[in-house]
Amino acid sequence: PLRDELVGDARRREIAVRCALGAGRLRIVRQLLTESLLLGAAGGLLGLLFAVWSFAFLRQLVPAGMREATELQLDAPVLLFTLAVSLLAGLGFGLAPALQASRTDLGDALKSNTARAGFGGRSRRLRDAFVVSQVALSLVLLVGAGLLVQTLTKLRGQYDDLRPERVLAVRTQLSGERYDEHARRTDFYERVLARVRALPGVEAAGYATAVPLAWKGGANGLQLEGKQPTPGLAWNAIHRQATPDYFRAIGIAVREGRAFADADNETGLPVAVVNEAMARLYWPGESAVGKRFKIAGPSGTDVHPWRTIVGVVADVRQMGADAPVRAEAYIPQRQAGAHPFHAPRDLVVRAAADPLGLAAAVREAIREADPGQPITIRTMDELLGRETAERRLGATLVLSFAALALLLAALGIYGVLAYFVTQHVPEIGVRLALGARPADILALVLRRGMSLAFIGLAAGLLAAYALTRLMAGMLFGVSATDPLTYAAVALVIAAVALAACLIPARRAMKIDPMEALRYE
């Protein structure tokens, strides 16, 4: 639309000459619409070429589990729809300037100076409105993208202490009559761990019911020694079983007390390790180490022994990257008894380097223990990537649209200023002839362009403040009105606008006064 408005202004005298030579109004409109439709079609074809080139980028946005079943290709109905939209855009935005140009007053147009023609108030306000709206839209999109990128960074950052890029998670689902007995499961775990720990490059290895984010867990009722629950409020905690060295392998820090040891076996004192959330919830203001609790059996039956807490470990969001941390109790696998429901399934291996380099050796170690055992190998980095895939996709798309909007805003500012300089060449020549310095001309053009940018920034900040509150539910660790994000985006857009202003401004500085005074 901005191009059609500029062309309609710049060609008033040409159109007037054509009308004076006998061209009818319909012919003028047809000519201008033909030019606009050709530009629209050319833009659509160029966009089609970019769409084909973008497939390599878009494939990276498809979730890993869907890539084999998803084939990116041009769809005929979508292609036809896109081309139709391009032509309709050319027709729609070219029709109004064409009709306006066809109604040009011949006398005024032929007598007017081409360089000054069409720079009236209405045309100028329309052009300014387009530029301001583009700047405002780019700011809204960039603020949204910035908030989503911060959310993604904070979601992943909370697992940095685990160093997930060094952790291999191997799922071994023990099932069938062969593993119904607790002793057989224990024998399998110990044979696998002995082989894996002996592999070069393995720093630690352990088994657990599930690694963080792989399983949302199951809660069991609790009894706390010396305490009675509030009527209507049940005590419970997520129940996980683990072998010694699991916490070191997964990277969960021990905050108080100790982790499990080899002595925590069938003949040892029943013990447990709890997370900080459970310690705060059930023993607020005091140490949980040394306290005792009992896990309720099926339907609340009393079949489990009293367990002494020997350690408190750091909280980790295991139920979801943005899910609240719940109370969790870890039980030594060898003391877990005959109930297989929470039996360890995930082997955790901490590697000294790339964990995938150990995948083949770990697979072979498990097959030596049980040749028929199905194995699924993943890295913690992969699990974390899957957990944040939806937000990563949203952030990527919004950031792409924001970059495109910012580019359009920069082009809009550049186009308006370039046209401004062209229309005011005689005026600039007069100013220079009367003693104006090039720096004064630079300030004139920059003031014109940056005033539009600042108006757009103000409008965009107000719009972003209202609209980003709607996406508060998608954010994590950052406010929808985060001032640093708003300030950073505003500075980026101001810098881009300034860069777009400098090219026409430098051109204006180099105008020769004598040539400008003869310019038409």
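Everything discussed here concerns the structure shown above.
Residues numbered from 1 in each chain as written. Predicted model: local features only at pLDDT ≥ 70, side-chain atom pairs only at ≥ 80, totals over all residues. Heavy atoms only, no water.

## Notes on the overall build of the protein chain
Part 1 of the reasoning: When helices and strands are counted, the protein chain shows 17 helices and 11 strands.
Part 2 of the reasoning: Within the protein chain, the fraction of its 520 residues that count as buried is 44%.
Part 3 of the reasoning: At a minimum sequence separation of 6, the contacts of the protein chain that also span at least 24 residues come to 82%.
Part 4 of the reasoning: Accessible surface computed for the protein chain: about 26000 Å², of which carbon and sulfur atoms make up 62%. (Helix = DSSP H or I, 4+ residues; strand = E, 2+ residues; numbered from the N terminus. Buried < 20%, exposed > 50% of the residue type's maximum accessible area, 1.4 Å probe, protein only. Contact = heavy atoms within 4.5 Å. Areas by Shrake-Rupley, 256 points an atom, 1.4 Å probe, with all protein chains shown as cover.)

## Some words on the nonpolar core
Part 1 of the reasoning: With 45 residues, the main nonpolar core has L139, I413 and I493 as its most contacted residues.
Part 2 of the reasoning: Taken together, the elements giving at least two residues each to this core come down to α7 (121–157), α13 (389–423), α14 (425–433), α15 (438–467) and α16 (483–509).
Part 3 of the reasoning: Excluding its chain neighbours within four sequence positions, the residues that come into contact with I413 are V131, V135, A453, A497, A500 and C501.
Part 4 of the reasoning: Core analysis: the second largest hydrophobic core is formed by 29 residues, A204, V211, I252 and V348 among them. (Core = buried A, V, L, I, M, F, W, Y, C linked by side-chain atoms within 4.5 Å.)

## Examining a nonpolar patch on the surface
Part 1 of the reasoning: Nonpolar side chains collect at one region of the surface, where L46, L49, F50, V52, W53 and L74 lie side by side and expose about 590 Å² of accessible area between them.
Part 2 of the reasoning: Position of L46 among the secondary structure elements: in helix α3 (residues 25–53).
Part 3 of the reasoning: Overall, the relative accessible area of 45% leaves L46 in the partly exposed class. (Patch = residues over 30% accessible without salt bridge, like charges linked within 9 Å, V, L, I, M, F, W, Y side chains within 5 Å. Salt bridge = Lys/Arg side-chain N within 4 Å of Asp/Glu carboxyl O.)

## Quick word on the packing of α13 against α14
Part 1 of the reasoning: Orientation of α13 relative to α14, taken along the N-to-C sense of each, is 65°, at an axis distance of 5 Å. Between α13 and α14, the residues in contact are V421, T422 and Q423 and V425, P426 and I428, respectively.
Part 2 of the reasoning: Split into classes, the residues belonging to the contact of α13 with α14 amount to four nonpolar, two polar and no charged. (Axes fitted to C-alpha atoms, helices over the stretch in contact; angles between N-to-C directions. Nonpolar A, V, L, I, M, F, W, Y, C, P; charged D, E, K, R; others polar.)

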